[in-house]
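Structural characterization, general
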Amino acid sequence: MEAKILYRKFKDGRPAVAMEFMPDCGENLKDEEAVYFFKFFNEFALEFNKVGTSARNVIARLREEIGDYSKKFDIRRVEIHRIVSCNGCPAEGAESALRAELIRQYPTAFRKNDRFFGVDIDPAIFDKIMIDYFSNRD
């Protein structure tokens, strides 16, 4: 099965940025609390990993992030690794759990805005953190 790809286009003529849905990433969620995991690439290599939240539309949020980050980085492609519903819970809790555990595992890779540089984080790590977080809620 071919991967789904959308594009974030720029009005100033810069190359469009591919937004590639990776296997088992989940569907775009709209109007619900969600947490996500993206990887931002330049033309040749991974720039950074990013975790975050959205309560509106995850892909719309990604388009905003591409616009913001492309001011400082030559972003050419983004891999969408996970989009996870928080099932009515505030997404900030799941994001905080992700941030805390990823900082613990990769302390020198962390930069503000929940980005991790110089490391290629396996989506299975995201999955484990989310399973642990949501299973400990009772």
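One can find the structure itself at the top, above this paragraph.
Residues numbered from 1 in each chain as written. Predicted model: local features only at pLDDT ≥ 70, side-chain atom pairs only at ≥ 80, totals over all residues. Heavy atoms only, no water.

The next thing to look at is the nonpolar core. The biggest cluster of nonpolar side chains holds 22 residues, and the ones touching the most others in it are Phe38, Phe40, Leu62, Ile66, Ile75, Val78 and Ile80. Looking at this core, the elements with two or more residues in it are strand S2 (17-21), strand S3 (34-41), helix H1 (58-69) and strand S5 (77-85). It is H1 that contributes the most residues to this core, five residues altogether. Contacts of phenylalanine 38, omitting those with residues within four sequence positions, involve Phe48, Asn49, Lys50, Val58, Leu62, Glu65, Val78, Glu79 and Ile80. In terms of nonpolar packing, the next biggest core, distinct from the first, is built from 17 residues, Phe37, Ala94, Phe116 and Ile129 among them. (Core = buried A, V, L, I, M, F, W, Y, C linked by side-chain atoms within 4.5 Å. Buried < 20%, exposed > 50% of the residue type's maximum accessible area, 1.4 Å probe, protein only. Helix = DSSP H or I, 4+ residues; strand = E, 2+ residues; numbered from the N terminus. Contact = heavy atoms within 4.5 Å.)

To continue, consider the pattern of salt bridges. Within this structure, the stated rule accounts for 15 salt bridges. One salt bridge connects arginine 14 with aspartate 12, and the closest N-O pair in it is separated by 2.9 Å. The exposure class assigned to arginine 14 is partly exposed, which follows from its relative accessible area of 36%. Take aspartate 12: its relative accessible area is 54%, and that puts it in the exposed class. Two residues, glutamate 43 and arginine 76, come together in a salt bridge whose shortest N-O distance is 3.7 Å. (Salt bridge = Lys/Arg side-chain N within 4 Å of Asp/Glu carboxyl O.)

Attention shifts here to the sheet that holds S3. Spatial strand order, S1-S2-S5-S3-S4-S7-S6: seven strands in an open sheet with mixed pairing. In this open sheet, the two edge strands, each paired with only one partner strand, are strand S1 (5-8) and strand S6 (110-111). Sheet topology note: the S3/S5 ladder contains eight bridges and is antiparallel. Bridge pairing links alanine 34 to serine 85 in S5. The strands touched by H1 within the sheet are S1, S2, S3, strand S4 (46-54), S5 and strand S7 (115-117), with S3 carrying the most contacts at an inclination of about 35°. (Pairing = 2+ DSSP bridges. Axes fitted to C-alpha atoms, helices over the stretch in contact; angles between N-to-C directions.)

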